[in-house]
Amino acid sequence: MSGHDNTDIQSHVRTYMMVFGALAILTVLTVGASYLEVTSGESIFIALIIASVKGSLVASYFMHLISERAMIINILLLTIAFFFVLMFLPLMTATDAATIL
Amino acid sequence: MEIPYTVKERPDTGLNNSKLGIWLFLASEVMLFGGLFSAYVFLRLGAPEGAFHEWGKELNVPLATLNTMVLITSSVTMVMSWASLKMNDFKKYKLYMGLTLLCAVIFLIVKYFEYTAKFDHHLYPSTNTFLAIYFTLTGLHGLHIIGGMIVMTYFWLPAGNKMWHSEPEHFANRIEIAGLYWHFVDLVWIFLFPILYLL
Amino acid sequence: MPEPFWRKYIFSQDHKVIGIQYGLTALAFLFFGFCLMMIMRWQLAYPETPVPLIGEFLWENGILLPEVYNSLGAMHGTIMIFLGVVPLAVGAFGNYFVPLQIGTIDMAFPKLNMTSYWSYFVGGVIMVASFFTPEGAARSGWTSYPPLADFEPGQTLWLIGMVFLITSSLLGSINIIVTIVQLRAPGLTWMRLPFFVWTQLVTSFLLVLAFPPLEAAAVLQLMDRVVGTSFFLPSGLVVSGEIISATGGGSPLLWQHLFWFLAHPEVYVLILPAMGIVCEVIANNTRKPIWGYKSLVYAAIFLGFMSFIVWAHHMFMTGMGATMSAFFQTTTMIISIPSVIILTAFFLSLWGGSIRYNTPMLFALAFLPMFGIGGLTGLPLGLAASDISLHDTYYVIGHFHYVVAPGTIFALFAGIYYWFPKMTGRKMNETLGKLHFWPSLIFMNGIFLPMFIQGLAGISRRLWDGGAIYSHAADTLWLNEVMSVSAWLLGLIQFVFIVNFFYSMKKGEKAGRNPWDATTLEWVAPSPPIAHGNFESDIEVHRSAYEYSVPGRKRDFTPQTEPKKSDN
C-alpha cells in the first residue's frame, strides 16, 4: 500500500466510512438477534456468521487484505488452516467420546 | 550499514520487512487466541447443557455493546490517521491518533467497571469455567490493548514529530504497522463479544 | 568511534555476536542438563546409596530424595529441549549462518534479535533459579500434565520461565522468516538456497504457528495455580483422600491437546535444522551435489505441514475413540514418509563419492544410522495397539533420545566442527575431534540401546528406584549400571571437546576463507566475517548451492558467486 496519490486515498476514506457504518449496523443486528426466540444452535450460527462478516470487513478494508500481496495471503491461509485444526480438536474429542459411551 | 528493504519494498515480494514481520506476528496471535477459543469450545461442550448460557447472563450486554462501538470507532480513527499521513497532513494525523488513544482509554475504563461489578457480586474467575475463560480472554485482550496504547502513545508524542520530519515514508509505514496490530485487536474483540456476551 | 565493550559483546545487535551468545549459553545449558541426568543415573544404578561427591552437601545421608529426582527429570527435559537444543540449532546456527548463507549483512530486525536472545536468557535464569527457591524446581515432568502440575510446587516459576522462552522463540523465528524471504542476495532464487536455509525456514514456521497454543495453555495453567480456576481440573477430583475445593468442570485432556499441539511440531523443530547441517557437511565432504535436492526441499515442507496433524498419537492412552486414533495413526504413518525421503537422499549422496573422513563428516555420518534407529523405533509407538504396551516405558525414552541425542546433538557437533573455522578463523584439532567422536558414539549407544530392552520388559520411565521393586524388571535391572557408567563416561569425554574448543580458538591451525573448499556463500566472507556487514562487497549469486565435481571444470567445487561464463 504505497505510492498512492491523494484522490486515491480520498476514495479509500469513503470506503472506510462505509465499512464503519456497516460494522455499526451489524453490531446492532447481532445484539438484536440474541433476543430472538431460536434454538441455541441457531443463535450460535447467526452470531458466528455476523461476527465473521464483521471480521472480514475489518481484515479486508482496514487491514487492506483485499489488495495485499500473495506472500501474505498465503501465510494467512496456512495459519487459518491450522486455526481450524485447533478448532476441530474439541469437536473431535466430544463426538469421539460420544461414540464410546 | 543499512538493512535492505526496511522502508522500500523488495521488488519480487512487493513487501518491506516490517510488513511481513507484523503479519507473521499476527499469524502467531491468531494461533494464541485460537488456542484459547479452542479451550472455550472444549469447556462449553464439557459443561452441563445450557450452563454456559446461564452463566453468561451475568454479563452486562449494553456496556459490552458500547465497548464494541468504541473499538470499531478506534479502528476507523486509526486508519484515518494513517490516511492523513499519506495525504501529508500531520495535524490531522495527530488528531486522529489522539482520538484512537482516547477510545482505547474509554474501552479500558468501561472494562474496569465491568470487572469491579463482577467482583462486587462475588463473581470471580474461580466461580465457574465460564467466568474463568471470560476473565482470561478479556484480560489477555486488555493486555493487548495496553500494549497497543504504549506503541501508539510513543508515535503520538513529540518522538513522532521528529520521525515524521526526518523520514516521512518510514514513519507512515510504522503507523500502518501499528494500525494492522490495532485492527487485529479490534477483530479479536468482534469475535469475543458474541461468544462471551450473547451466546 | 570504536564500540564500547558492552555494545560489542553484550548488548550487541550483530547477528554473529548474538549467534555466538546463543551458542555458548546453549552449550552451557546442555552440559548443565546433562549433569542433572548424571545425578539421576546414580540413583538408578545404585538405588538408595549416597550420591558421591555432591550428595552429602545436598541431602540428608547424601541419598537423592524422590521429589528431587522428579525435579531433576522434569528440568532435564525442559533444559535440554527449550534451553539447549533449540537455542543451539535455531538461535545459534540459524542466527549466525542464515544471513551468511543468503549473502546479506544481518538479520532483518537486529534489535528484535537482541531482544529474543535476552528473553531466552531471562527465561533460562528463571528456570535455573527455581532450583534455589524453597519450593524447588518443577517436578511434574517436562510435559507438565495436570492435575499433578496444578498442585505440585515449583510449577509457577516453570510456567513464567516458559512464557519468556516462548516469546524469545516467536521473535527469533519471525526474524528468520523475514530475513530469508526479504534479504536473499540478487540471483539467490528459492531453488538455489542451501538446504540448511530451507530447514531453518520450515522450522521457524513451525515455531510461529505451534508455540502460541502452548503459550495459551501456559496462561490457563497459570490461572489455575494463581487465581484458582479449574481449566484442567475435573469436578469431584480427589487429592490425598480429599475432594478438592476448586469448582471443577475442566479437563486435563485440554492441556494434553494444547501441549502436544506444540510439542509434536517441536520434535521437527529439533530434527530439521540438524538435517540441514548434515546436508551441508555431507555435500561438502562427499564432493558431490546432494542427491535429490528438490525432493529434500519438498519433503521438508511436507514434513512441517504434516507435523501439525499428528499430535494426538501421544495420547492413545487417554481413552480416545476408534475414529480419532485411526485418524492419528494414519497421519503418523504418512509423516514417516518424508523423513525417510530425506534420510534416503543423504544415504544416496554417499554413493560413489570420494568421502573425506574429517571430524564434521564423522558426526554427520553417525547421524544417519542413529536418527534411523530413533525414527524406526518410533513406528510402533505411532500405532495404538503397540503403543498401549510401550507407552511411558523406557522404550519411549530410548526412541526419542536416539532422535535427539546421537541424532540432533551429533548433527550439532558436526555443525560446530564444520563452521568453527568460519566463526573463529581457526580449525578445530582433528585428533582431539576424533578422540571426541568415537567414544561419544560408543557411549551414546551404551546409554540408549539398553533402554529398548528395559522398555520391552515393561519398566516404567518414571521410577525413582529404576524398577527394583517390580519382579518383571528383575532380569533387566543389571542394564541400569551399564547405562549409568556409559552416561558418566560420555560426560567425561565431553571434556575433550571443551579443551579442543578453547584450545583451537587460541592455537588452532589458521583457516583461510574457505578451508573445506565449499560452495555456499558463507565461505566467500572472511573468517570471521566483518562485524556489521559480513562481506567486503555485495554478493551476487549465479548458480545452485552444491556444484561439486562438475565434470569438465578446473576445480572440484564452484562457489555460488562464480559467474556462469567461467564454466569452461
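Further up the page is the structure itself.
These numbers were taken from a predicted model, which means no experiment stands behind them.

Undergrad: I'm lost on the overall build of chain B in this one. Help?
TA: Along its length, chain B carries seven helices and zero strands. The linear arrangement of helices and strands in chain B, starting from the amino end, is α-α-α-α-α-α-α. Expressed along its principal axes, the backbone C-alpha trace of chain B runs to roughly 60 × 35 × 25 Å. Expressed as a percentage of the 199 residues in chain B, the buried residues total 62%. Across chain B, every contact between residues at least 6 apart in sequence was considered, and the portion connecting residues at least 24 apart equals 75%. Taken as a whole, chain B presents about 7500 Å² of accessible surface, with 67% of it coming from carbon and sulfur.

Undergrad: What exactly am I supposed to notice about the interface of chain B and chain C here?
TA: Between chain B and chain C, the residue contacts involve 33 residues of the former and 42 residues of the latter. Summed over both sides, the interface of chain B with chain C buries roughly 2900 Å², with 76% coming from carbon and sulfur. At the boundary of chain B with chain C, the tally comes to zero salt bridges. For the pair chain B and chain C, the interface holds six residue pairs in polar contact (both at pLDDT 80 or more). For the side of chain B that touches chain C, the elements supplying multiple residues, two or more each, are helix H1 (17-46) and helix H5 (129-156) of chain B. At 15 residues, H1 of chain B tops the list of elements feeding residues into the side of chain B that touches chain C. Of the residues contributing to the side of chain B that touches chain C, the split by class is 18 nonpolar, 12 polar and three charged.

Undergrad: Sorry if this is basic, but what is going on with the packing of H1 of chain B against helix H9 (residues 252-286) of chain C here?
TA: The relative placement of two packed helices is expressed as an angle between their axes plus a distance between the axes. Contact pair H1 of chain B / H9 of chain C: the axes reach a minimum separation of 11 Å and the direction vectors enclose 155°. Of the possible angle classes, the one that applies to H1 of chain B and H9 of chain C is roughly antiparallel. Relative to H9 of chain C, the crossing made by H1 of chain B is right-handed. For the pair H1 of chain B and H9 of chain C, the contacting residues are Met31, Gly35, Ala39 and Phe42 of chain B in the first and Leu253, Leu254, His257, Leu258 and Phe261 of chain C in the second. Along the lines of polarity and charge, the residues of the contact of H1 of chain B with H9 of chain C split into seven nonpolar, two polar and no charged.

Undergrad: Hey, could you run me through the interface of chain B and chain A in this one?
TA: Accessible area lost upon the coming together of the parts is a frequently used measure of interface size. Contact residues are listed per partner, giving 47 residues for chain B and 46 residues for chain A. Summed over both sides, the interface of chain B with chain A buries roughly 4200 Å², with 81% coming from carbon and sulfur. Remark: the boundary between chain B and chain A carries two salt bridges. With a closest N to O distance of 3.2 Å, Glu68 of chain A and Lys19 of chain B form a salt bridge. Between chain B and chain A we count three residue pairs in polar contact (both at pLDDT 80 or more) in total. Those elements that place two or more of their residues in the side of chain B that touches chain A are H1, helix H3 (61-86) and helix H7 (168-198) of chain B. The biggest single contributor to the side of chain B that touches chain A is H1 of chain B, with 16 residues. Residues of the side of chain B that touches chain A, tallied by class, amount to 31 nonpolar, 10 polar and six charged.

Undergrad: It is not clear to me how a nonpolar patch on the surface should be interpreted in this structure. Could you clarify?
TA: A surface patch of nonpolar side chains, about 450 Å² in accessible area, is lined by Ile80, Phe84, Phe88 and Leu91 of chain A together with Leu45 of chain B. Looking at the nonpolar patch element by element, the count peaks at four residues for helix H3 (residues 70-100) of chain A. In this structure Ile80 of chain A comes out as partly exposed when scored by relative accessible area, which is 37%.

Undergrad: Please explain the packing of aromatic side chains as it appears in this structure.
TA: The geometry of an aromatic ring pair comes down to the distance between the two centres and the angle between the two planes. All names here are of chain C. Inspection of the entire model under this criterion finds 79 aromatic pairs over all chains. Aromatic side chains Trp118 and Phe121 sit 5.1 Å apart centroid to centroid with 65° between the ring planes, which places their arrangement in the edge-to-face category. Of this pair, Trp118 and Phe121 are both found in helix H5 (residues 110-129), three residues apart, which corresponds to roughly one turn of the helix. For Phe121, a relative accessible area of 32% gives the class partly exposed. Summarising the aromatic geometry, the rings of Phe410 and Phe437 are spaced 6.2 Å apart at their centres and angled 50° between planes, so their arrangement reads as tilted. Here Phe437 lies in helix H16 (residues 430-456) and Phe410 lies in helix H15 (residues 394-424), a separation of 27 residues in the sequence. Pair check on accessibility: Phe410 and Phe437 agree, each one buried. Stacked on the ring of Trp516, the Lys or Arg Lys427 has its end atom at 4.6 Å from the ring centre. One Lys or Arg, Arg555, reaches over the ring of Phe557 and ends 4.7 Å from the middle of that ring.

Undergrad: Sorry if this is basic, but what is going on with the pattern of salt bridges here?
TA: Oppositely charged side chains can form a pair if their charged atoms are brought close together. According to the stated counting rule, one finds 17 salt bridges over all chains in the structure shown. Between Arg69 of chain A and Glu9 of chain B there is a salt bridge; the shortest N-O distance is 3.8 Å. Placement of Arg69 of chain A in the loop between helix H2 (40-62) and H3 and of Glu9 of chain B in the segment before H1 is noted, with the two residues assigned to different chains. One salt bridge connects Lys434 of chain C with Glu430 of chain C, and the closest N-O pair in it is separated by 3.4 Å.

Undergrad: I keep staring at the environment of Gly466 of chain C and nothing clicks. Help me out?
TA: Residue position: Gly466 of chain C is located in the loop between H16 and helix H17 (479-507). When its relative accessible area of 1% is taken as the criterion, Gly466 of chain C is described as buried.

Undergrad: Is there a simple way to explain the packing of H15 of chain C against H17 of chain C in this structure?
TA: Residue and element names in this part refer to chain C. Close contact between H15 and H17 brings their axes to 11 Å; oriented N to C, the two are set at 15°. For the element pair H15 / H17, the angle class is roughly parallel. For the crossing formed where H15 meets H17, the hand is right-handed. Contacts between H15 and H17 involve Phe413, Ile416, Tyr417, Phe420 and Thr424 on the former and, on the latter, Gln494, Phe497, Asn500, Phe501, Ser504 and Met505. Here the residues of the contact of H15 with H17 are counted per class, giving seven nonpolar, four polar and no charged.

Undergrad: Can you help me understand H1 of chain B in this one?
TA: Every α-helix winds through 3.6 residues per turn, so residues three or four apart in the chain are directed the same way. Look at H1 of chain B: 44 Å from first C-alpha to last across 30 residues, which is about the 44 Å you get at 1.5 Å a residue. Of all 30 residues in H1 of chain B, 24 are buried, a share of seventy percent or more.

Undergrad: What is the right way to read unusual backbone geometry from this model?
TA: For residues that are not glycine, phi is negative in most cases, and the peptide bond is trans in most cases. Residue and element names in this part refer to chain C. Cis geometry marks the peptide bond from Pro146 to Pro147; its omega dihedral reads 0°. Cis geometry is adopted by the peptide bond preceding Pro528, which originates at Ser527 and carries an omega value of -10°. Even without a glycine there, the phi angle at Arg287 is positive, about 55°. Its location among the elements puts Arg287 in the loop between H9 and helix H10 (293-306). Under the relative-accessibility criterion, Arg287 is labelled buried at 4%.

Undergrad: Teacher, can you tell me more about the nonpolar core here?
TA: Nonpolar side chains tend to gather and get buried jointly when the protein is soluble and globular. Among the nonpolar cores identified, the biggest contains 299 residues, and Phe195, Phe346 and Phe367 of chain C are the most heavily contacted of them. Top contributing element to this core by residue count: H9 of chain C, with 21 residues. Taken domain by domain, this core gets at least three of its residues from each of domain 1 (1-68) and domain 2 (69-101) of chain A.

Rules of the game
- Residues numbered from 1 in each chain as written.
- Chains lettered and ligands numbered in written order.
- Predicted model: local features only at pLDDT ≥ 70, side-chain atom pairs only at ≥ 80, totals over all residues.
- Heavy atoms only, no water.
- Helix = DSSP H or I, 4+ residues; strand = E, 2+ residues; numbered from the N terminus.
- Buried < 20%, exposed > 50% of the residue type's maximum accessible area, 1.4 Å probe, protein only.
- Contact = heavy atoms within 4.5 Å.
- Areas by Shrake-Rupley, 256 points an atom, 1.4 Å probe, with all protein chains shown as cover.
- Buried area = accessible area lost by both parts, 1.4 Å probe.
- Salt bridge = Lys/Arg side-chain N within 4 Å of Asp/Glu carboxyl O.
- Polar contact = N/O pair within 3.5 Å; in protein donor to acceptor, adjacent residues only side chain to side chain.
- Nonpolar A, V, L, I, M, F, W, Y, C, P; charged D, E, K, R; others polar.
- Axes fitted to C-alpha atoms, helices over the stretch in contact; angles between N-to-C directions.
- Parallel < 35°, antiparallel > 145°, perpendicular 65-115°, else oblique.
- Left-handed = near helix turned anticlockwise from the far one by under 90°.
- Patch = residues over 30% accessible without salt bridge, like charges linked within 9 Å, V, L, I, M, F, W, Y side chains within 5 Å.
- Phe/Tyr/Trp six-rings, centres within 6.5 Å; stacked < 30°, edge-to-face > 60°.
- Lys NZ or Arg CZ within 6 Å of the ring centre and 35° of its normal.
- Expected span 1.5 Å × (residues − 1).
- Core = buried A, V, L, I, M, F, W, Y, C linked by side-chain atoms within 4.5 Å.
- Domains from an automatic or database assignment.

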